[in-house]
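Residues per chain are reported as follows:
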Amino acid sequence: LDIHTNQVKAQEDGKYVLQIQVEDNAGNQSKEERILYIDRNKPEIKHIRILDRNHSEIELDQTNHYLPFGNFYNENVYVELSYIDAAPSSGIRQDQVKLYAGTKTLLPARMKEETDNSGRIIKKAYFEMKLPINEEKLQVEITDQTGHTTGKQPIHAYNENIIHDGLMLENQKPQISISMS
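A brief report on the enclosed structure follows. Because the structure is predicted, anything quoted here is derived from the model rather than measured.

Thoughts on the packing of aromatic side chains
Item 1. Evaluation of the coordinates by the stated rule reveals zero aromatic pairs.
Item 2. Against the face of tyrosine 126 rests arginine 110, its NZ or CZ located 4.2 Å from the ring centre.
Item 3. Above the plane of the ring of tyrosine 100 lies lysine 152, whose end atom (NZ or CZ) is 4.1 Å from the centre.

If you want it as structure tokens, here you go:
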């Protein structure tokens, strides 16, 4: 068995096709082809928003939704994560985009792509947060196919209107007690 090795150095990031062809002394040939991605850049989180059931941005204000220990909503909400993975890219599968809510790991309910004014492709992942959620700390993480990762990032770092990473969803009506004296 003869094993031949060779080092190849890619000068630029991108998609490469590695083709190998061998021939024995009898003239028999074999061919193999592999696709390789060179990607030296980690994904970049651009923005995080909290959306209502109609996917409209919820106006975050301190009187309605924020207390010093969390963000409160009385219905299911979506967390929208916008990110880019600079081209050329190895790609990011849906299962490589994660939202951590306390001890739970959530995958996006759906994903889409948009192009911004400068022509960059902005990818968006939507995570559905369902009632009830009791004060979960939210973090996001993206890993591309070459293993570059953003690491777990708190959601408040990507939206100046989100002051706290805690999220609470509850629709319990307050109890009222009236007594007459």
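Thoughts on a nonpolar patch on the surface
Item 1. Taken together, the side chains of Tyr16, Leu18, Ile20, Val22 and Leu36 make up a nonpolar region of the molecular surface, amounting to roughly 400 Å² of accessible area.
Item 2. If one sorts the elements of the nonpolar patch by residue count, strand 1 (residues 14–23) sits on top with four residues.
Item 3. In this fold, leucine 18 is placed in strand 1.
Item 4. What makes leucine 18 partly exposed here is its relative accessible area of 36%.

Quick notes on the sheet that holds strand 6 (residues 77–84)
Item 1. Here we have four strands laid out as an open sheet, ordered 3-6-10-9, and antiparallel in their pairing. Single-partner strands in this sheet number two, and they are strand 3 (44–51) and strand 9 (110–115). Each adjacent strand pair in this sheet contributes to an overall mean axis angle of 20°, direction not counted.
Item 2. The pairing of strand 3 with strand 6 spans seven bridges and is classified as antiparallel. When the bridges of strand 6 are listed, isoleucine 48 appears paired with leucine 81.

How each quantity is defined
Residues numbered from 1 in each chain as written. Predicted model: local features only at pLDDT ≥ 70, side-chain atom pairs only at ≥ 80, totals over all residues. Heavy atoms only, no water. Phe/Tyr/Trp six-rings, centres within 6.5 Å; stacked < 30°, edge-to-face > 60°. Lys NZ or Arg CZ within 6 Å of the ring centre and 35° of its normal. Patch = residues over 30% accessible without salt bridge, like charges linked within 9 Å, V, L, I, M, F, W, Y side chains within 5 Å. Areas by Shrake-Rupley, 256 points an atom, 1.4 Å probe, with all protein chains shown as cover. Salt bridge = Lys/Arg side-chain N within 4 Å of Asp/Glu carboxyl O. Helix = DSSP H or I, 4+ residues; strand = E, 2+ residues; numbered from the N terminus. Buried < 20%, exposed > 50% of the residue type's maximum accessible area, 1.4 Å probe, protein only. Pairing = 2+ DSSP bridges. Axes fitted to C-alpha atoms, helices over the stretch in contact; angles between N-to-C directions.

By themselves, these are just geometric observations and shouldn't be taken as functional.
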